[in-house]
Amino acid sequence: MTNTANSRPFESHRVTAMALDPIHVGTGGTRLGRVDLSIVRDPVTRLPKIPGSSLAGVHRAYAALAKNRYPRCAGQGQEKPGSGGHCGQMDCPICTVFGFARGQGGGFAGLAGFTDAQLLLFPVPTYRGPHWVTSPETLRAADIEPPTVENDKVHLLEPDGHLNLGWLMLEGTTIGDHARLRGALDNLRVPDCVSKHIAIVSDQLFTHIVNSNLEVRTSVSIDPATGAAEEGALFTYEALPRATILTWQVTCRNPIHFGTGQEQDKAVRTPRDVFEVVAEAQPYLEQLGIGGMGTRGMGRLRVLASADGTNSGPA
Ligand SMILES: [Zn+2]
């Protein structure tokens, strides 16, 4: 590590991931239309997302699991009888990277900040096989300059008449400058089988297509006392479908600006060290997943790319 790298105030890393199972990150029991358990949506765009707080929570738990040394620092840190809460020590990689709820000064927000995970490419079945739909604003949010998009048309690599997208028949036309777009998706390690079947529609149509193609599943509540299905306890829940591509950013602040004590005693000393702790959690997302219904085969997420220090702060 050079002195230049050590003095940067932060590094930002864009992470791209693919859902291996349907993913349900719920709103906590609110009812939307006929669905009992709806997923979190952006209040402005109405597009589903995974809140950054949920990402931070699972990364914290899995980083602690990976380190296998900080069980009391893995959770939310409330002090309970028999559990001391977060240790809050500057030599603890979990508490410094993800923050702590107590300690001298009353707590710390942590050096790693997570944005919400936004949709990048959303899979929709069509008569011509699955296509992954996106829109100009969706691409722009992932730092990809979008091609020009005509309303009421679907832009494809190889348009061939109309395309039926979730009961919506749209006239096909070509994606302008598709080589640049595919290059940008390659940089995010989006697999070829996905980027070959990309379909771009207007932002308005995208919201409509996504919300009419979410998975809706039906399940039964199990009575914990008897282990049997509760009477009349059938419920429905929404989920992002398998093969949805999501993207988020992790901002890693420079530990040099935070905390007291000797530099050499700190668990993390550079923004890169901060990201390495975050990255240790990533393989666990693929095994243990995120969100609710984990016991019903939901929530596994494979990280495709976690790019190096793009968008670093000024040196
Ligand atoms: Zn700790």
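Residues numbered from 1 in each chain as written. Predicted model: local features only at pLDDT ≥ 70, side-chain atom pairs only at ≥ 80, totals over all residues.

(A) Main features of the overall build of the chain. Scanning the chain for helices and strands turns up 8 helices and 13 strands. Out of the 315 residues belonging to the chain, those deemed buried represent 37%. A separation threshold of at least 6 residues defines the contact pool for the chain, and within that pool the share at least 24 residues apart is 65%. (Helix = DSSP H or I, 4+ residues; strand = E, 2+ residues; numbered from the N terminus. Buried ≥ 20, exposed ≤ 12 C-beta atoms within 10 Å, placed from the backbone. Contact = placed C-beta atoms within 7 Å.)

(B) Looking closely at the pairing of strand β8 (residues 169-174). Where strand β6 (residues 153-156) and β8 come together, 4 bridges link them in parallel fashion. The residue of β8 that forms the bridge with Leu 156 is Thr 174. Here strand β7 (residues 162-164) runs beside β8; their pairing, made up of 3 bridges, is antiparallel. Bridging across to β8, Leu 163 finds its partner in Leu 170. Where β7 folds back on β8, the antiparallel hairpin that results is connected by 4 residues, among which Gly 166 adopts a positive phi of roughly 55 degrees. (Pairing = 2+ DSSP bridges.)

(C) Molecular detail of unusual backbone geometry. Positioned with a positive phi, Asp 143 is a non-glycine residue whose angle comes to about 65 degrees. With respect to the helices, strands and loops of the structure, Asp 143 is situated in the loop between α4 (136-141) and β6. The exposure class of Asp 143 is partly exposed, given the 14 C-beta atoms found within 10 Å. Look at Asp 152: it is not a glycine, yet its phi comes out positive at around 65 degrees. If you trace the backbone, Asp 152 turns up in the loop between α4 and β6. Using a count of 11 C-beta atoms within 10 Å as the deciding quantity, one classes Asp 152 as exposed.

(D) Looking closely at the pairing of strand β5 (residues 131-134). Burial along β5 is two-sided: the face carrying His 131 and Val 133 and the face carrying Trp 132 and Thr 134 are both buried. Both strand β4 (residues 117-124) and β5 contribute to a ladder of 3 bridges, which runs antiparallel. What sits directly across from Pro 123, in β5, is Trp 132. Across 3 bridges, β5 lies against strand β9 (residues 198-200) in parallel orientation. Opposite Trp 132, over in β9, you have Ile 198 as the bridge partner.

(E) The arrangement of the confidence of the model for the chain in detail. With 84% of its residues at a pLDDT of 70 or more, the chain shows a mean pLDDT of 86. Segment residues 309-315 is flagged for pLDDT under 50; beyond a separation of four residues in sequence, or across chains, it makes 13 contacts in the model. (pLDDT = per-residue confidence, 0-100.)

(F) Spatial organisation of helix α2 (residues 52-67). An ideal rise of 1.5 Å per residue puts 22 Å on 16 residues; α2 measures up with 22 Å between its terminal C-alpha atoms. For α2, the set of buried residues is Leu 55, Ala 56, Val 58, His 59, Arg 60, Tyr 62, Ala 63 and Ala 64. Elements in contact with the buried residues of α2: β2 (49-50), α3 (93-98), β3 (112-114), β4, β12 (245-253) and α8 (271-288). (Expected span 1.5 Å × (residues − 1).)

(G) Layout of the environment of Val 250. Relative to the helices and strands, Val 250 is located in strand β12. On the basis of neighbour count, Val 250 is assigned to the buried category, with 22 C-beta atoms found within 10 Å. With residues near it in sequence (within four places) discarded, Val 250 still touches His 13, Val 15, Ala 112, Phe 114, Phe 275 and Val 278.

(H) Here's a closer look at the environment of Arg 300. Topologically, Arg 300 is positioned in the loop between α8 and β13 (301-306). When the C-alpha positions of Arg 300 and Met 18 are compared, they lie 8.7 Å apart, and in sequence the two are 282 residues distant. Excluding anything up to four places from it in sequence, Arg 300 contacts Leu 20, Asp 21, Glu 286 and Gly 289.

(I) The packing of α2 against α8, seen in detail. Relative to each other, α2 and α8 sit at 100 degrees, their axes nearing to 7 Å. Compared by their axis directions, α2 and α8 come out roughly perpendicular. From α2, Val 58, His 59, Tyr 62, Ala 63, Leu 65 and Ala 66 reach across to α8, where they touch Val 277, Val 278, Glu 280, Ala 281, Tyr 284, Leu 285 and Leu 288. Of the residues in the contact of α2 with α8, the class split is 11 nonpolar, 1 polar and 1 charged. (Axes fitted to C-alpha atoms, helices over the stretch in contact; angles between N-to-C directions. Parallel < 35°, antiparallel > 145°, perpendicular 65-115°, else oblique. Nonpolar A, V, L, I, M, F, W, Y, C, P; charged D, E, K, R; others polar.)

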